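Spelled out, the chains give:
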Amino acid sequence: MSNSTARSLGDAAFQRTVCHVKESGLGTALDIRGFNLWYGETQALHGIDMAVQRGGVAALIGPSGCGKSTLLRSINRMNDLIDDLRVSGSIVVGEQDIYGPGTDVIALRKRMGMVFQKPNPFAMSIYDNVVYPLRVDGISNRRILDETCERALKSAALWNEAKDRLQQSALSLSGGKQQRLCIARAIAADPEVLLMDEPCSALDPIATARIEELISELKGSYTIVIVTHNMQQAARVSDNTAFMYLGRLIEYGATDEVFTKPRSGRTEDYITGRFG
């Protein structure tokens, strides 16, 4: 083990490093301030401070168990479903502290699109998958549903392949197309933020490349936060990258700076493969 690796793994003090953040020019969409999270007596997140640019892509990287997915799921309060969970600090979306008193969690989740590791289309038609969020909201106007379906499938680069088979089962699609369908479903309700938890982990390289192209096409229209174990993917698709380790945000800044001129020894050790 190198001296730098020993330092990274053994140093008791965790210093957070903030590099220059690449700005979108559209302001901040998501502002995480001093956010802590506990599962019972176990603290999983420690004092996270991180501002995500509106219309940009922020990648969360780090070794398994470092808190990436926990942080992602805190943004739409999916972690609320876990017993004995408590938090402190704040996550501000727009001007709303989503952990503030009186927050309507159901309304909040409608502002957040979520794409999971494995494609999870419902056992219904392609059309019904895409318009499902609207129907849950009680929208039944066929014109609105049709227009939304076409818009979302076009945004997910799936319209040309699906327009003649909208009534076929979504389960008949390939894995890569199923994931694009899930992205279409996530953006059908026009969310403010699109959360992606390892969206390519179950896909082959060709399907992965298409999802990465899609992320590049969607940014600007949506604020995207993506968790990925693939550092090359983070480098390709994100504007800003956050490196997390043991529930702490170690370094956050413009992706090209984090990967080529990291300011933290831990970040450098991780991206050069010395640990993780």
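Residues numbered from 1 in each chain as written. Predicted model: local features only at pLDDT ≥ 70, side-chain atom pairs only at ≥ 80, totals over all residues. Heavy atoms only, no water.

> How should the environment of Gly 40 be read in this particular structure?
Here Gly 40 lies in the loop between strand E2 (28–39) and strand E3 (42–53). Between the C-alpha atom of Gly 40 and that of Leu 85, which follows or precedes it by 45 residues, the distance is 6.0 Å. With residues up to four places along the chain from it excluded, the contact list for Gly 40 reads Asp 84 and Arg 86. (Helix = DSSP H or I, 4+ residues; strand = E, 2+ residues; numbered from the N terminus. Contact = heavy atoms within 4.5 Å.)

> Any chance you could explain helix H4 (residues 126–136) here in plain terms?
Buried residues of H4: Ile 126, Tyr 127, Asn 129, Val 130, Val 131 and Leu 134, and no others. Of the surrounding elements, those touching the buried residues of H4 are helix H5 (142–155), helix H6 (159–162) and helix H7 (175–187). Positioned one or two residues after H4, Gly 138 has a phi angle of 90°, which is positive. (Buried < 20%, exposed > 50% of the residue type's maximum accessible area, 1.4 Å probe, protein only.)

> What am I meant to see in unusual backbone geometry here?
Glycine aside, residues mostly have negative phi, and peptide bonds are mostly found in the trans state. Phi at Glu 198 is positive, roughly 50°, even though this residue is not glycine. By the secondary structure assignment, Glu 198 is in the loop between strand E8 (193–197) and helix H8 (205–218). Assessed through its relative accessible area of 7%, Glu 198 is described here as buried. At Leu 246, a residue that is not glycine, the phi angle is positive and equals roughly 50°.

> What am I meant to see in the pattern of salt bridges here?
Between side chains of opposite charge, pairing is possible as soon as their charged atoms come close. Evaluated as defined, the whole model comprises 18 salt bridges. The partner of Lys 177 in a salt bridge is Glu 161, and the shortest N-O contact between them spans 3.6 Å. One end of the pair, Lys 177, is in helix H7; the other, Glu 161, is in helix H6, with 16 residues separating them in the sequence. A relative accessible area of 23% places Lys 177 in the partly exposed class. (Salt bridge = Lys/Arg side-chain N within 4 Å of Asp/Glu carboxyl O.)

> Would you mind showing me how to read the layout of surface pockets here?
The probe, sized like a water molecule, is rolled over the atoms to show the empty space still left. Put simply, the largest pocket is a space of about 600 Å³. Along its surface, the largest pocket is lined by 20 residues, and Arg 109, Lys 110, Met 112, Met 114 and Pro 133 are the ones closest to its centre. Put simply, the parts of the chain that give the lining of the largest pocket at least two residues each are helix H3 (105–110), strand E7 (112–115), H4 and H7. (1 Å grid on protein atoms, 1.4 Å probe; cavity = no way out; pocket = protein on both sides within 12 Å on 5 of 7 lines; lining within 4 Å. Points joined across faces, edges and corners; volume = space filled by probe spheres on them.)

> Sorry, what's going on with the packing of aromatic side chains here?
Ring pairs (aromatic) are described by centroid distance and by the angle formed between their planes. Considering all chains together, one arrives at three aromatic pairs under this definition. Plain terms: the ring middles of Phe 35 and Tyr 99 are 5.3 Å apart, the flat faces sit at 45° to each other, and that makes the pair tilted. Of this pair, Phe 35 sits in strand E2 while Tyr 99 sits in the loop between strand E6 (96–97) and H3, placing them 64 residues apart in sequence. Take Phe 35: its relative accessible area is 0%, and that puts it in the buried class. What makes Tyr 99 buried here is its relative accessible area of 17%. Centre to centre, the rings of Phe 243 and Tyr 270 are 5.1 Å apart; their planes meet at 25°, and the pair counts as stacked. (Phe/Tyr/Trp six-rings, centres within 6.5 Å; stacked < 30°, edge-to-face > 60°.)

> Can you walk me through the confidence of the model for the protein chain in this structure?
When pLDDT drops low, the exact placement of atoms in the prediction is not to be read closely. Averaged over every residue, the pLDDT of the protein chain is 91; residues scoring 70 or more account for 93%. Confidence drops under pLDDT 50 across residues 1–12; counting only partners more than four residues distant or on other chains, this segment forms 19 contacts. (pLDDT = per-residue confidence, 0-100.)

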